[in-house]
Amino acid sequence: MAGYGTPSAALGTHDAGPATIGIAAASWHTEIMDALLDGARRAAADAGCTVTEVRVPGSFELPVAAQALARTCDVVVALGVVIRGETPHFEYISGATTEALARVALDESTPVGNGVLTVNTREQAVDRSGVEGASEDAGYAAAEAAIRTFRAL
Ligand code: DLZ
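What you see is a predicted model, and the numbers here were worked out from it, not measured in a lab. (Residues numbered from 1 in each chain as written. Predicted model: local features only at pLDDT ≥ 70, side-chain atom pairs only at ≥ 80, totals over all residues. Heavy atoms only, no water.)

Asker: Looking at this model, I keep getting lost on the side chain of S94. Mind explaining?
Answerer: Its place among the elements puts S94 in helix α3 (residues 90–108). Looking at S94, the relative accessible area reads 10%, which means it is buried. Within the local environment of S94, its side chain forms a polar contact with the backbone oxygen of F90, the two atoms lying 2.7 Å apart. (Helix = DSSP H or I, 4+ residues; strand = E, 2+ residues; numbered from the N terminus. Buried < 20%, exposed > 50% of the residue type's maximum accessible area, 1.4 Å probe, protein only. Polar contact = N/O pair within 3.5 Å; in protein donor to acceptor, adjacent residues only side chain to side chain.)

Structure follows, in structure tokens:
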């Protein structure tokens, strides 16, 4: 479902895959978050990873949680939902969160999957959340991306 295809090459030190995954999850938009969490947990189970979960208030708090998880886990995935129509300062929250998650990955040399939905409407968020009938399973895809990146490095 994620659609990343088959990686063509790996640097080769992590062929066995990650043993541990940290899931950082925001709390806004609970039902959509539950679906994203379900997807990330399924990806972790498919990869045989032990899971540590941290719940934070909002997406803006995800990077510091991701950083803490990156210090104890092989890979991290951050999950959140930011909806433009329901979020004043949408650009600030989504931009700051995305940039900080990228910084955590580089600073900690740890793959961080970006499962933060930044969408215009609630319907778009649901359609990416992995619920039955959705066109995307963003929680699964973000966790899978981090796991695949770990294997590639
Ligand atoms: C304040 C806020 C707003 C308006 N909207 C969202 C949202 O749609 N999704 C989300 O994850 N968090 C939101 N937040 C909370 C911020 O991420 C953050 O928790 C607060 O600004 C406190 O730092």
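After presenting the structure, the write-up continues.
Asker: Sorry if this is basic, but what is going on with the pattern of salt bridges here?
Answerer: Oppositely charged side chains can form a pair if their charged atoms are brought close together. Enumeration over the complete set of coordinates arrives at eight salt bridges. Note that R71 is salt-bridged to E108, the shortest N-O span being 3.0 Å. One end of the pair, R71, is in the loop between α2 (62–70) and β3 (75–83); the other, E108, is in helix α3, and 37 residues separate them in sequence. In this structure, the salt-bridge partner of R148 is E144, at a minimum N-O distance of 3.6 Å. One end of the pair, R148, and the other, E144, are both in helix α5 (residues 138–152), four residues apart, so they sit about a helical turn from each other. On the accessibility criterion, R148 (26% relative accessible area) is partly exposed. Because the salt bridges share partners, they merge into one network encompassing D38, R42 and D137. (Salt bridge = Lys/Arg side-chain N within 4 Å of Asp/Glu carboxyl O.)

Asker: Is there a simple way to think about the sheet that holds strand β2 (residues 50–55) in this case?
Answerer: Within a sheet, neighbouring strands are paired by backbone hydrogen bonds and run either parallel or antiparallel to one another. In spatial order, the strands read β2-β1-β3-β4; together these four strands make up an open sheet with parallel pairing. The outermost strands of the open sheet, each flanked by one partner alone, are β2 and β4 (112–119). The mean angle between the axes of side-by-side strands here comes to 15°, regardless of whether they run parallel or antiparallel. In this structure, strand β1 (residues 20–25) lies alongside β2, joined through six bridges in parallel fashion. Each residue of the ladder has a partner; that of G22, found in β2, is T52. The sheet contacts of helix α1 (residues 30–47) involve β1, β2, β3 and β4, and relative to β3 the element is tilted by about 160°. The sheet contacts of α3 involve β3 and β4, and relative to β4 the element is tilted by about 170°. (Pairing = 2+ DSSP bridges. Axes fitted to C-alpha atoms, helices over the stretch in contact; angles between N-to-C directions. Contact = heavy atoms within 4.5 Å.)

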